[in-house]
Amino acid sequence: MPLEAGLLEILACPACHAPLDDRSSAQTPELICTGTDCGLAYPVRDGIPVLLVDEARRPA
C-alpha cells in the first residue's frame, strides 16, 4: 500500500532530518533516508511508517 504523497512530503528521518524516499517493493515496504551520511531504511507496517531509529536498518 503506497503512502499518500502529502504524508511523504512532511516526513523526515528522525536521525538526521533529511527527507525520506518511498522505495517500497512488494516484499519490503520501507522509506529510505536521502541523507548522504545516514541512509537508514525505515519499515512500513500495515501502511504506517515506523520512524524509530532502533527499528531502522542500514542498507548495504
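Residues numbered from 1 in each chain as written. Predicted model: local features only at pLDDT ≥ 70, side-chain atom pairs only at ≥ 80, totals over all residues. Heavy atoms only, no water.

Draft legend 1. A look at the pairing of strand β3 (residues 41-45). Judged by how many residues are buried, β3 sits mostly within the fold: four of five residues are covered. By the bridge criterion, three bridges tie strand β2 (residues 30-33) to β3 in an arrangement that is antiparallel. Within the sheet, the bridge partner assigned to Ile-32 lies in β3 and is Ala-41. The pairing of β3 with strand β4 (residues 48-49) spans two bridges and is classified as antiparallel. Its bridge partner lying in β4, Arg-45 is registered against Ile-48. What sits between the antiparallel neighbours β3 and β4 is a turn of two residues, in which Asp-46 has the positive phi angle 55 degrees. (Buried < 20%, exposed > 50% of the residue type's maximum accessible area, 1.4 Å probe, protein only. Helix = DSSP H or I, 4+ residues; strand = E, 2+ residues; numbered from the N terminus. Pairing = 2+ DSSP bridges.)

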